[in-house]
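Take a look at the letters that make up each chain.
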Amino acid sequence: MQRPPQEDFSLKETKPHLGGGKVTGDKLTSTYDLVEQMQYLYVRVVKAKDLPGKDVTGSLDPYVEVRLGNYRGTTRHFEKKSNPEWNQVFAFSKDRIQASALEVNVKDKDVIKDDFVGRVVFDLNEIPKRVPPDSPLAPQWYRLEDRSGNKVKGELMLAVWMGTQADEAFPESWHSDAATVSGADALANIRSKVYLSPKLWYLRVNVIEAQDLIPSDRSRFPEVYVKAILGNQALRTRVSMSKTINPMWNEDLMFVAAEPFEEPLILSVEDRVAPNKDEVLGRCAIPLQYIDRRLDHRPINSKWYNLEKHIIVEGEKKKEIKFASRIHTRLYLEGGYHVLDESTHYSSDLRPTAKQLWKSSIGVLELGILNAQGLSPMKTKDGRATTDAYCVAKYGQKWVRTRTIIDSFAPKWNEQYTWEVFDPCTVITVGVFDNCHLHGGDKPGGARDSRIGKVRIRLSTLETDRVYTHSYPLLVLHPTGVKKMGEIHLAVRFTCSSLMNMMHMYSQPLLPKMHYIHPLTVTQLDSLRHQATQIVSMRLNRAEPPLRKEIVEYMLDVGSHMWSMRRSKANFFRIMGVLGGLIAIGRWFDQICNWKNPITTVLIHILFLILVLYPELILPTIFLYLFLIGVWYYRWRPRNPPHMDTRISCADNAHPDELDEEFDTFPTSRPPDIVRMRYDRLRSIAGRIQTVVGDLATQGERLQSLLSWRDPRATALFVIFCLIAAIVLYVTPFQVVALLTGFYALRHPRFRHKLPSAPLNFFRRLPARTDCML
């Protein structure tokens, strides 16, 4: 497979004209200083009065058509109304204006041909300019004219002005660049919106015991467990060891719950009467609104709940309450944890759930989404390739979605957003998508918005108060290999309110303290993260317009935990890169010991002598050396934020079969012979990993066996050596011992043997637990 040119995947610094500059003297608000100014002609159609009747019956079905050159926007129409109210805003991009006059026509909706009622005409040179934070322009009444310019019956209330995308009317406007989109649903799908993730809690269900259960068969010992259900999450305890009608568990179950709480927690006590048959002994539903909230690790009082039993009477389910049967639980919503819905490597928020535990913000993150260049065609419409692109940015609980730019491979958004920052070691994610919902109603299993690519920026890699303007490559891994889908142009600024507060953050734990006092297991965290992403995805999909499931899952990296040969190789090379520095130091010391460069070795001898004779200089020398290295490397510090690297990801030279395996479904959908080949390959790689891990374990066990008497002779030798060494070190000054050891290690090659040294031979002969392995 031919490797694509690497320079195409690089980050490019740009110098856009942000904030409109100072040449025109426009006082743009500070909230729009990270984007390029875009000029728009705004028309607000408010209402009409005294419109004349046009039908035979004298009634009128009025609507307004706003026409500017080839662009035409229309309001909704009203049935039989002479004083309609619309209050709709139309925005025409100044770049696309090809006319000198604006026409606002009032028309009567008709079955065959719409009748002309009257119009208002504006000369574009006479339209006033409005710059926020000025108040909105007040609409005025205008008398309608006929096509000849004569006044006719009826008046129209309008406001017309020139403004920028900073205008309050901009987000809800009908846009001329989306003139081909029709229908209220479709228009809602192309507008910019801000979404908030639901507030997530961990719900801890501590099942203690049950009392006075009534099994149907009294002659056998009941095998009882508790099943807990919250929405689509279901967990169960183990079968109680006390096989009586008063079983005990004292087991914790963890769920993710989202505010507002919609579904109750259902506890069901069940008896396993046969291998595949369970009998419900009782159940209870507990609304989450009444459950206590816990901010720290202090215990909360437990409660008893009555169990209800449903019985079938004449085909109908009826509730039978057994006051004698009860369940003892301790329930609480954990406010001291951060509910992980993102990968911990790319977290944008690390705050605990409870707002009372939040620390004050340390700064502000501003993002200007400027434009994209060279986007790939994503679909075919009317026989030609096209892309309808929009961006989604996610940081903390706030998601933003830009408006959709219709039919453009170089869309210009120029939208700016702001977030509060509570921790600098967090990541903002910006994704670009193709809108496949421009024609209204979603059909079940219908179109899905296609991913064009995403960018991640870690805030801690940004200098404060500097505006970063870069063009980021949009890289997506396809079954055919890595592909550049275009470039997105962003402006980013991280402003810090207090440098001391931010520096203090570096000494704090990354996650809230509950994660360290009462840690959750890795398996629990994986399961809870899956539930959290499902809940966030479901809630945002219910917004209007929806932020769809495929978007949320891509932004939250839902599939990142799946096995991938490419990712495994990439992680192996990362480990080797880290160990490479240690290996290089080892090789350098070996060269010193073998006198490859006699001058350097002599200098090392002198340094070694100074440090041994004056041991108090050892630590200062090490720290001074590290300081000098750090200052030296300052010249080569990164000037750009990091971006997706195809070489580190092993994406530019991945084998086609490895990519096919990565994109395979789970469980697999490939034929048995391919699965067998992949399974054999996986076994061979796992065998190598197993060997490396085993070798590391062996070295550790050899260290343990020095004093464990597993090899009595080896331990006896080591104990005797320790006694002799202790006596010698007591009577010999430390400097003498250090000098002798150092000179022995740095001795000339003619005094060295080719064979391994006695201590190394002794260590390699020590027993490990490999003998006990099957």
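This is a predicted model, so every value here is computed, not measured.

Peer 1: Describe in detail the packing of aromatic side chains, supporting the description with residues and values.
Peer 2: Summed over the entire model, instances satisfying the criterion amount to 14 aromatic pairs. Aromatic pair phenylalanine 608 and phenylalanine 743: ring centres 5.9 Å apart, planes at 75°, arrangement edge-to-face. One end of the pair, phenylalanine 608, is in helix α7 (residues 598-613); the other, phenylalanine 743, is in helix α12 (residues 734-745), with 135 residues separating them in the sequence. Ring pairing ties together the aromatic residues Tyr40, Tyr42, Trp161 and Phe170, which thus form one cluster.

Peer 1: Give me the lowdown on the sheet that holds strand β21 (residues 363-373), citing residues and values where you can.
Peer 2: The sheet built from 5 strands is open, its strands ordered β1-β29-β30-β21-β26 with antiparallel pairing. Every interior strand has two partners, whereas the edge strands, β1 (12-13) and β26 (412-421), have only one. Of the pairings in the sheet, the one linking β21 to β26 comprises 8 bridges and is antiparallel in character. Paired with asparagine 371 across the strands is lysine 412, a residue of β26.

Peer 1: How would you explain the environment of serine 708 if you had to name every residue and give the values?
Peer 2: Its place among the elements puts serine 708 in the loop between α10 (672-705) and α11 (712-731). By relative accessible area, which is 37% here, serine 708 ends up partly exposed. When the C-alpha atoms of serine 708 and alanine 745 are compared, they prove to be 29 Å apart, with 37 residues separating the residues in sequence.

Peer 1: Talk me through the sheet that holds strand β24 (residues 389-395); I want residue IDs and the actual numbers.
Peer 2: Spatial strand order, β11-β25-β24-β27-β28: 5 strands in an open sheet with antiparallel pairing. Both outer strands of the open sheet, β11 (193-196) and β28 (450-458), are each paired with one neighbouring strand and no more. Between one strand and the next, the sheet's axes are offset by a mean angle of 20°, whatever the strand orientation. The pairing of β24 with strand β25 (residues 398-401) spans 4 bridges and is classified as antiparallel. Of the residues in β25, the one forming a bridge with lysine 394 is tryptophan 399.

Peer 1: Give a description of the side chain of arginine 456 that names residues and reports values.
Peer 2: Looking at the element boundaries, arginine 456 is found in strand β28. For arginine 456, a relative accessible area of 17% translates into the label buried. Reaching out from arginine 456, the side chain makes a polar contact with the side chain of aspartate 557 at a distance of 3.1 Å.

Peer 1: Let's hear about unusual backbone geometry: which residues, and what values?
Peer 2: The peptide bond linking glutamate 259 to proline 260 adopts the cis configuration, its omega dihedral lying at -5°. Relative to the assigned elements, proline 260 resides in the loop between β15 (248-259) and β16 (265-274). Note the cis peptide between glutamate 544 and proline 545, where omega equals 0°. Mapped onto the secondary structure, proline 545 falls in the loop between α4 (522-541) and α5 (549-555).

Peer 1: Go over the UniProt feature "transmembrane region" (unreviewed entry) in the chain with me, naming the residues and quoting the values.
Peer 2: What UniProt calls "transmembrane region" (unreviewed entry) maps, in this numbering, to residues 572-589, 601-634 and 716-746. In residues 601-634, the share of helix is 85% and the share of strand is 0%. The end C-alpha atoms are 29 Å apart. With 90% helix and 0% strand, residues 716-746 has end C-alpha atoms that lie 30 Å from one another.

Peer 1: Please set out the pattern of salt bridges residue by residue, giving values where relevant.
Peer 2: Applying the stated criterion across every chain yields a total of 40 salt bridges. Measuring nitrogen to oxygen at the nearest pair gives 3.6 Å for the salt bridge that ties glutamate 103 to arginine 119. In this pair, glutamate 103 is assigned in strand β6 (residues 101-108) and arginine 119 in strand β7 (residues 115-123), connecting sequence segments 16 residues apart. For glutamate 103, a relative accessible area of 24% translates into the label partly exposed. Among the ionic pairs, lysine 381 bridges to aspartate 388, the shortest N-O distance being 3.7 Å.

Peer 1: Account for the nonpolar core, naming residues and giving values.
Peer 2: With 65 residues, the main nonpolar core has Tyr202, Leu367, Trp399, Trp419, Ile488 and Leu490 as its most contacted residues. For isoleucine 488, the residues in contact, after removing those within four places along its chain, are Ile369, Asn371, Ala372, Cys391, Val430, Val432, Val455, His470, Ser471, Tyr472 and Leu474. Of all hydrophobic cores here, the second largest spans 34 residues; its members include Ala48, Phe78, Leu144 and Val181.

About the cut-offs
All residue numbers here refer to positions counted from 1 along the written sequence of the relevant chain. Since the coordinates come from a predicted model, pLDDT governs what is reported: local features require at least 70, and pairs of side-chain atoms require 80 or more to be given and counted, while whole-chain, interface and lining totals use all residues. Side-chain figures throughout are based on the complete set of non-hydrogen atoms in the structure, without hydrogens or water. We call Phe, Tyr and Trp rings a pair once their centres come within 6.5 Å, taking the six-membered ring for Trp, and we label the pair stacked below 30 degrees between planes, edge-to-face above 60, and tilted otherwise. Secondary structure elements are defined from DSSP: runs of H or I of at least 4 residues count as helices, runs of E of at least 2 residues count as strands, and each element is numbered from the N terminus. One requirement defines pairing of two strands: DSSP has to find at least two bridges between them. Relative accessibility thresholds used throughout: buried, under 20% of the residue-type maximum; exposed, over 50%; partly exposed, between the two (1.4 Å probe, protein chains only). In this analysis an axis means a line fitted to C-alpha atoms, helices contributing only their contacting stretch, and an angle means the value between N-to-C directions, from 0 to 180 degrees. Nitrogen and oxygen atoms within 3.5 Å of one another constitute a polar contact, given that in protein one can donate a hydrogen and the other can accept it, and given that sequence-neighbouring residues count only through two side-chain atoms. UniProt positions are given in the numbering used here, feature names are shortened, and annotations may be inferred rather than shown by experiment. Criterion for a salt bridge: a side-chain nitrogen of Lys or Arg within 4 Å of a carboxyl oxygen of Asp or Glu. Joining through side-chain atoms within 4.5 Å is the link that ties buried Ala, Val, Leu, Ile, Met, Phe, Trp, Tyr and Cys residues into a set, and such a set is a nonpolar core. The contact criterion used throughout is that any non-hydrogen atoms of two residues lie within 4.5 Å.

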